[in-house]
Amino acid sequence: MRITLLAGGIGGARFTRGLLHHVATSGLDADITVVVNTGDDIRMFGLQLCPDLDSIMYTLGGGISEERGWGREDETFTVMGELGKYGVEPTWFGLGDRDLATHIVRTQMLGAGYPLSAVTEALCARWQPGVTLLPMSDDRLETHVVVDGDEPGTRRALHFQEWWVRHRASLPALAFPLVGVDVAKPGPGVLEAISGADVVLLPPSNPVVSVGTILQVAGVRDALRATAAPVVGVSPIVGGAPVRGMADACLSAIGVDTTAEAVARHYGPRVAAVPVGADGGGILDGWLVDDATDSDVPGRLASTGIASRAVPLMMTDVVATAAICAAALALAEDLRR
Ligand code: GDP
Ligand code: CA
């Protein structure tokens, strides 16, 4: 079974780890490809950082800090401390000493002319994540955030990381332009992974700045709408709030309520026809919501053409996460029939 996921960092990583556990324990013969958001990528101290790719690679490779959810276990921050003593900015981004090695290797390879997809493959030779990790694009794409400027009536833009990490998403966002998207191409294998899949899963990743970013890459939405595979998503919103992080600040910026139902309607049903002259169209066949808090959602979505089920959605440990993955695959199987 060829399973393709469209993922951001922590939610994507934990879900994929659960999927691998489900595959191993059920004996399913699965070939898993994860298309990863690279809109979070940033150049810092001359190094190219890919936070979402690294979160997934470290999590599946056994090198993640479980406590923080990002970066390496047994980490020290000596280099950052020394940079701070020189007064070098930024000081708000946590960049550990072990983690730095990854960014140095990546930057060196990119500088030698290798595309990000090839660099990712090379890094994965060490970490052996058990899945194929594909950057959504080999081209440089950065999510920026438009906020109000200091002078009345003005606006300014900052990198997503500065908005998210430094300001903790506290500056009201007006828009999330994906800089470079007009010329970027999908990464090698990305569209094929969607069109050739038996199942496409959307992990509970941020609908705006993780999955929403991947959907903006040329051809991705069309590939999702055209694939013969069922497309099933898992809600990152449980009981009207993100389980972790600040996805509510992202959703409100694009006018979507922070509810499992509103996110499903925002993704939209694949069955709905696209009005002539309109862009896009829906991408979902199925949608899992949390049974403790959102058991009314499946009924409310019934008329949209999105088949929704309520199951426990907290990824408290690998076994609980594997059960979510099993439920997503079961819904996909029913939709295929
Ligand atoms: P990021 O790139 O590290 O921000 O991670 P993602 O975009 O992959 O995922 C972030 C989303 O995961 C957040 O919106 C959370 O609400 C969601 N999330 C985290 N833990 C859980 C969980 O246990 N269950 C569910 N349903 N969602 C979760
Ligand atoms: Ca991210």
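Here is what the cut-offs are and how they apply
Residues numbered from 1 in each chain as written. Chains lettered and ligands numbered in written order. Predicted model: local features only at pLDDT ≥ 70, side-chain atom pairs only at ≥ 80, totals over all residues. Heavy atoms only, no water. Core = buried A, V, L, I, M, F, W, Y, C linked by side-chain atoms within 4.5 Å. Buried < 20%, exposed > 50% of the residue type's maximum accessible area, 1.4 Å probe, protein only. Contact = heavy atoms within 4.5 Å. Donors = N, O, S within 2.8 Å, 3.2 Å for Na, K, Ca; no water. Helix = DSSP H or I, 4+ residues; strand = E, 2+ residues; numbered from the N terminus. Salt bridge = Lys/Arg side-chain N within 4 Å of Asp/Glu carboxyl O. Axes fitted to C-alpha atoms, helices over the stretch in contact; angles between N-to-C directions. Parallel < 35°, antiparallel > 145°, perpendicular 65-115°, else oblique. Left-handed = near helix turned anticlockwise from the far one by under 90°. Pairing = 2+ DSSP bridges. UniProt positions renumbered as here; feature names shortened; annotations may be inferred. Near = heavy atom within 4 Å. Polar contact = N/O pair within 3.5 Å; in protein donor to acceptor, adjacent residues only side chain to side chain. Areas by Shrake-Rupley, 256 points an atom, 1.4 Å probe, with all protein chains shown as cover.

**Student:** Any chance you could explain the nonpolar core here in plain terms?
**Tutor:** Counting 53 residues, the largest nonpolar core has Leu 6, Trp 163, Phe 176, Val 220, Leu 224, Tyr 267 and Trp 287 as the members making the most contacts within it. Setting aside chain neighbours within four positions, we find Leu 224 in contact with Leu 6, Ile 194, Val 200, Leu 215, Val 231, Arg 270 and Ile 283. Counting residues in hydrophobic clusters, the runner-up holds 40 residues, among them Leu 5, Val 23, Met 109 and Val 234.

**Student:** I tried to follow the coordination of the calcium ion (ligand 2) on my own but got confused; where do I start?
**Tutor:** When a metal holds four donors in a tetrahedron, each ideal angle between them is 109.5 degrees; when it holds six in an octahedron, the ideal angles are 90 or 180 degrees. Protein coordination of the calcium ion (ligand 2) is provided by Asp 40 (OD), Asp 52 (OD) and Asp 52 (OD), with donor distances spanning 2.1 to 2.7 Å. Here Asp 52 lies in helix 2 (residues 51-61) and Asp 40 lies in the loop between strand 2 (31-36) and strand 3 (42-44), a separation of 12 residues in the sequence. On the accessibility criterion, Asp 40 (6% relative accessible area) is buried. Residue Asp 52 is classed as buried on the basis of its relative accessible area of 6%.

**Student:** Where do I start with the pattern of salt bridges in this structure?
**Tutor:** Side chains that differ in sign of charge can pair as their charged atoms come close. Across all of its chains, the model carries 14 salt bridges by this definition. Here Lys 185 makes a salt bridge to Asp 139, at a shortest N to O gap of 3.9 Å. In this pair, Lys 185 is assigned in the loop between strand 8 (178-179) and helix 7 (190-195) and Asp 139 in the loop between strand 5 (132-135) and strand 6 (142-148), connecting sequence segments 46 residues apart. Judged by its relative accessible area of 52%, Lys 185 is exposed. A relative accessible area of 28% places Asp 139 in the partly exposed class. One connected set of salt bridges, linked through shared partners, spans Glu 261, Arg 265, Asp 296 and Arg 300.

**Student:** Please clarify how the packing of helix 2 against helix 4 (residues 97-111) should be interpreted in this entry.
**Tutor:** Orientation of helix 2 relative to helix 4, taken along the N-to-C sense of each, is 120°, at an axis distance of 12 Å. Compared by their axis directions, helix 2 and helix 4 come out oblique. The interaxial crossing formed by helix 2 with helix 4 has right-handed handedness. Mapping the contact onto sequence places Asp 54, Met 57 and Tyr 58 in helix 2 and Asp 99, Thr 102, His 103 and Arg 106 in helix 4.

**Student:** Help me understand the pairing of strand 10 (residues 231-234) in this model?
**Tutor:** For a regular strand, side chains alternate in direction, first toward one face of the sheet and then toward the other. Every second residue of strand 10 is oriented toward a common face, with Val 231 and Gly 233 on one face and Val 232 and Val 234 on the other, all of them buried. Both strand 9 (residues 199-202) and strand 10 contribute to a ladder of three bridges, which runs parallel. Across the sheet, Leu 202 pairs through a bridge with Gly 233, a residue of strand 10. The pairing of strand 10 with strand 13 (residues 286-290) spans three bridges and is parallel. Pairing of Val 232 across the sheet is with Gly 286, part of strand 13.

**Student:** What exactly am I supposed to notice about the UniProt feature "transmembrane region" (unreviewed entry) in the protein here?
**Tutor:** Mapped onto the present numbering, the UniProt feature "transmembrane region" (unreviewed entry) falls on residues 310-332. Span residues 310-332 is 65% helix and 9% strand, its end C-alpha atoms 14 Å apart.

**Student:** What exactly am I supposed to notice about the site of ligand 1 here?
**Tutor:** In the vicinity of ligand 1, 20 residues are found, and the nearest of them are Pro 204, Ser 205, Ser 210, Leu 313 and Met 315. At 3.0 Å, a backbone N or O of Gly 12 approaches an oxygen atom of ligand 1. Ser 205 places a polar side-chain atom, nitrogen or oxygen, 2.6 Å from an oxygen atom of ligand 1. Look at ligand 1: alone it shows 600 Å² of surface, and the protein chains cover 90% of it. Per-element tally for the shell around ligand 1: the top contributor is helix 1 (residues 10-26), with three residues.

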